[in-house]
Amino acid sequence: MGALPKKSSRLAAIGALGLGAACTTQAVEADRDAARSLFEYRGVQTRLLDDEIVNFQVEMRGASSSQDVSDYAECAAAQYTLIRGYGFARHVRTNVQEESGLWRADAVYTVSPALPRGLQTIDAEVVVADCAELGIPTV
């Protein structure tokens, strides 16, 4: 039967695993930033469906997944929320499709001055700041 490694050896191994995970996370973020630089944001169309219900249609090229175009729609929704003088939005639905490298999202959000009920709410100021940091355009 083999002996258990000394406590200090186990901690060193755990530390090495953590360092490896940090390097992996940094590598993934670097790859994501490189991919994001290839994104071509092609515009946003906004339609008011009701006083506080808004439809956003966005297009982009170079997306690596539906999440990229959904993020673009969320950034547009957050900026629009601030333009209307509100502070919060709630995601209702997003439909994404891709054809020949052109990604489209058709998203619906409610906008409101107070935090709405629901799980998919956004603080518009925070999201707009995140979008700016990530280089995702807003309205």
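All values reported here derive from a predicted model rather than from experimental measurement.

A look at the sheet that holds strand 3 (residues 88-99)
Here comes step 1: Spatially, the five strands line up as an open sheet ordered 1-2-4-3-5, and their pairing is antiparallel. With one partner strand each, in any of the chains shown, strand 1 (40-50) and strand 5 (121-123) form the two edges of the open sheet. Here the average twist between neighbouring strands, direction ignored, is 30 degrees.
Here comes step 2: Sheet analysis places strand 3 next to strand 4 (residues 102-112), joined by 11 bridges and oriented antiparallel. If you follow Arg93 over to strand 4, its bridge partner there is Val108.

Here we look at the environment of Val108
Here comes step 1: When you line up the elements, Val108 lands in strand 4.
Here comes step 2: When the C-alpha atoms of Val108 and Leu48 are compared, they prove to be 9.7 Å apart, with 60 residues separating the residues in sequence.
Here comes step 3: Dropping the residues within four chain positions of it, Val108 is found in contact with Leu49, Ile53, Val54, Asn55, Arg90, His91, Val92 and Arg93.

Concerning the side chain of Asn55
Here comes step 1: Tracing the sequence through the fold places Asn55 in strand 2 (residues 53-61).
Here comes step 2: Residue Asn55 is classed as buried on the basis of its relative accessible area, which comes to 2%.
Here comes step 3: One polar contact links Asn55 to Gln57, side chain to side chain, over a distance of 3.2 Å.
Here comes step 4: Within the structure, Asn55 has its side chain in polar contact with the backbone oxygen of Ala107 (distance 3.2 Å).
Here comes step 5: Contacts of Asn55, omitting those with residues within four sequence positions, involve Gln45, Thr46, Arg47, Leu49, Arg93, Asp106, Ala107 and Val108.

Considering the side chain of Thr81
Here comes step 1: Positionally, Thr81 belongs in helix 2 (residues 66-83).
Here comes step 2: Dropping the residues within four chain positions of it, Thr81 is found in contact with Tyr86, Gly87, Phe88, Ala89, Val111 and Ala124.

Procedures and definitions
- Per chain, the residues get numbers from 1 upward, laid out in the order the sequence is written.
- Note on the predicted model: pLDDT of at least 70 is required for a residue's local features to be given, and 80 or more for side-chain atom pairs to be given and counted; whole-chain, interface and lining totals, by contrast, use all residues.
- Note that the side-chain values use all heavy atoms of the structure and ignore hydrogens as well as water.
- Only when DSSP finds a minimum of two bridges between them are two strands counted as paired.
- Secondary structure elements are taken from DSSP: a helix is a run of H or I of four residues or more, a strand is a run of E of two residues or more, and numbering for both begins at the N terminus.
- Axes here refer to lines fitted to C-alpha atoms; in helices the fit is confined to the stretch in contact. Angles between the N-to-C directions go from 0 to 180 degrees.
- Contacts are assigned to residue pairs that have any heavy atoms within 4.5 Å of one another.
- Buried, partly exposed and exposed residues are distinguished by accessible area as a fraction of the type maximum, computed with a 1.4 Å probe on protein chains only: under 20%, between the cut-offs, and over 50%, respectively.
- Polar contact is defined as a pair of N or O atoms within 3.5 Å, subject to the rule that within protein one atom must be able to donate a hydrogen and the other to accept it, and that residues adjacent in sequence are counted only when both atoms are side-chain atoms.

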